[in-house]
Amino acid sequence: QSSSEPFVSEQGWMDIKVQTGQKKRPPTVGKQFKSQVAKLMKALHACTPHYIRCIKPNAVKRPNTFELKEVRRQVKYLGLL
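Note that the structure is predicted; figures quoted are calculated from it, not measured.

Per the stated rule, a full pass over the model turns up 1 salt bridge. When the shortest N-O distance is used, the salt bridge between E70 and R73 registers 2.7 Å. Highlighted residues: E70 and R73, both in helix α3 (residues 68-77), separated by 3 residues, approximately one helical turn.

Set out below in structure tokens:
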């Protein structure tokens, strides 16, 4: 079977072939996914991210409106409180 989903074809999972006389099973999709996630996490941990987070003073983005509860929630989520 083949999938028409772009995600599946981009990952190369459809290209896995079992050769004649091959004793090992080909890697499963789950094992490949786990390996890809591990590589991604290794790359992310090797970086030092720098970003600026904007705190929105209100949910409706109205000028001169300040909702203390909303700001506290965002600051707490960022780990600043």
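The grouping of F33, V37, L40, M41 and L44 at the surface amounts to a nonpolar patch, some 450 Å² of accessible area in total. Looking at where L40 falls in the secondary structure, it is placed in helix α2 (residues 29-45).

What follows concerns α3. Taken as a whole, α3 has its buried residues at E70, V71, Q74 and V75. On an axial view of α3, the arc spanned by its buried residues comes to 130°, and they lie on one face. Among the exposed residues of α3, those oriented more than 90 degrees off its buried face are K69, K76 and Y77. Just downstream of α3 lies G79, where phi reads positive at about 85°.

Of note in the backbone geometry, K61 takes a positive phi value of approximately 55° without being a glycine. As for its position among the elements, K61 is in the loop between α2 and α3. Relative accessible area serves as the criterion here: at 65%, K61 is assigned to the exposed category. You will see that N64, though not glycine, has its phi angle at about 60°, which is positive. Positionally, N64 belongs in the loop between α2 and α3.

Calculation criteria
Residues numbered from 1 in each chain as written. Predicted model: local features only at pLDDT ≥ 70, side-chain atom pairs only at ≥ 80, totals over all residues. Heavy atoms only, no water. Salt bridge = Lys/Arg side-chain N within 4 Å of Asp/Glu carboxyl O. Helix = DSSP H or I, 4+ residues; strand = E, 2+ residues; numbered from the N terminus. Patch = residues over 30% accessible without salt bridge, like charges linked within 9 Å, V, L, I, M, F, W, Y side chains within 5 Å. Areas by Shrake-Rupley, 256 points an atom, 1.4 Å probe, with all protein chains shown as cover. Buried < 20%, exposed > 50% of the residue type's maximum accessible area, 1.4 Å probe, protein only. Arc of directions from axis to C-beta.

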